[in-house]
Amino acid sequence: MHDLALTLLGVDAYQGVCAIDITKLFSFIDDRVADGERIPRGAVSQVLTLRQARGVTATGRGVLVPHAAVRRLPCSRLIHVQLLGVITVNTLDNIPVRDVLALLVRCPPTLADHALLERIRDPYMNRILIELLRPGQVAEVYARLVKRA
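Residues numbered from 1 in each chain as written. Predicted model: local features only at pLDDT ≥ 70, side-chain atom pairs only at ≥ 80, totals over all residues. Heavy atoms only, no water.

1. Focus: the overall build of the chain
Piece 1. A count of helical and extended segments in the chain gives five helices and six strands.
Piece 2. Reading the secondary structure of the chain in the N-to-C direction produces β-α-α-β-β-β-β-β-α-α-α.
Piece 3. Computed over the C-alpha atoms, the radius of gyration of the chain is 14 Å, within 12% of the 15 Å expected from 2.2 N^0.38 for a compact globule of 149 residues.
Piece 4. The principal-axis extents of the C-alpha atoms in the chain amount to approximately 35 × 35 × 30 Å.
Piece 5. When the 149 residues of the chain are sorted by exposure, 47% land in the buried category.
Piece 6. Restricting the contact set of the chain to residue pairs at least 6 apart, pairs at least 24 apart contribute 69%. (Helix = DSSP H or I, 4+ residues; strand = E, 2+ residues; numbered from the N terminus. Rg over C-alpha atoms; globule rule 2.2 N^0.38 Å. Buried < 20%, exposed > 50% of the residue type's maximum accessible area, 1.4 Å probe, protein only. Contact = heavy atoms within 4.5 Å.)

Here is the structure:
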């Protein structure tokens, strides 16, 4: 396993987000990351859409883990979105998506970025992360992912 202790990671959590489909979801994430200067509006949504087109990023049990490398991103970002309703995407278990753990990393991604994605995609770990993020315990999530507490 690669040492994640050196990974810079921003963690954000948003509850009750109204997104009726994956396009609206990716636009919501784009609005939180793009600044119009360093990261142009629409850039994050575009790379997430391109990645999603290559294959489903759902882990099952109502969890989607979209991920992409974003040019000029200052540090990796984990963004939890708990949807107000659900969205339907292709999943192995056919359960509509309610929780999203979007991982954005710098371009090009490093081995540590890939290791971080694997930890987040693990169904056991993503359930723990979601339970911590719902009440806003972002410091604990950071510790579990990066410092391996």
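There's plenty left to go through after this.
2. A word on the packing of aromatic side chains
Piece 1. Overall, the coordinates contain one aromatic pair when judged by the stated rule.
Piece 2. Look at Y14 and F28: their rings are 5.4 Å apart centre to centre, the planes differ by 85°, and that puts the pair in the edge-to-face class. Linking Y14 in strand 1 (residues 9-17) with F28 in helix 1 (residues 22-33), this pair joins segments that are 14 residues apart in sequence.
Piece 3. Of the residues examined, F28 reaches a relative accessible area of 14% and is grouped as buried.
Piece 4. Lying over the aromatic face of Y14, R32 brings its terminal NZ or CZ to 5.5 Å of the ring centre. (Phe/Tyr/Trp six-rings, centres within 6.5 Å; stacked < 30°, edge-to-face > 60°. Lys NZ or Arg CZ within 6 Å of the ring centre and 35° of its normal.)

3. Concerning unusual backbone geometry
Piece 1. Residue C107 is joined to P108 through a cis peptide bond whose omega torsion reads 0°.
Piece 2. When you line up the elements, P108 lands in the loop between strand 6 (97-106) and helix 3 (111-121).
Piece 3. Located in the positive-phi region is R61, a residue other than glycine, with phi close to 55°.
Piece 4. Along the polypeptide, R61 turns up in the loop between strand 2 (58-60) and strand 3 (63-64).

4. Re the side chain of D113
Piece 1. Inspection of the secondary structure assignment puts D113 in helix 3.
Piece 2. Of the side chains bearing the opposite charge, R106 lies closest to the buried D113, which forms no salt bridge; the N-O distance is 4.8 Å.
Piece 3. Ignoring sequence-local partners within four residues, the contact set of D113 consists of S76, L103, V105 and R106. (Lys, Arg positive; Asp, Glu negative; His and termini not counted. Salt bridge = Lys/Arg side-chain N within 4 Å of Asp/Glu carboxyl O.)

5. A closer look at helix 1
Residues spaced three or four apart along an α-helix point in a common direction, a consequence of the helix completing one turn every 3.6 residues.
Piece 1. An ideal rise of 1.5 Å per residue puts 16 Å on twelve residues; helix 1 measures up with 17 Å between its terminal C-alpha atoms.
Piece 2. Of the positions making up helix 1, those classed as buried are L25, F26, F28, I29, D30 and V33.
Piece 3. Residues of helix 1 that are buried make contact with strand 1, helix 2 (43-54), strand 3, strand 5 (76-87) and strand 6.
Piece 4. Where helix 1 begins, the capping side chain belongs to D21, and its oxygen is found 3.2 Å from the backbone nitrogen of T23. (Expected span 1.5 Å × (residues − 1). Polar contact = N/O pair within 3.5 Å; in protein donor to acceptor, adjacent residues only side chain to side chain.)

6. Brief notes about the packing of helix 3 against helix 4 (residues 123-133)
Describing two packed helices takes the angle between their axes plus the distance from one axis to the other.
Piece 1. Running from N to C, helix 3 and helix 4 point in directions that differ by 80°, and their axes come no closer than 5 Å. Relative to helix 4, the element helix 3 is oriented roughly perpendicular. Contacts between helix 3 and helix 4 involve R119, I120 and R121 on the former and, on the latter, P123, M125, N126 and L129.
Piece 2. By residue class, the composition of the contact of helix 3 with helix 4 is four nonpolar, one polar and two charged. (Axes fitted to C-alpha atoms, helices over the stretch in contact; angles between N-to-C directions. Parallel < 35°, antiparallel > 145°, perpendicular 65-115°, else oblique. Nonpolar A, V, L, I, M, F, W, Y, C, P; charged D, E, K, R; others polar.)

These values are about where atoms sit, not about what they do.
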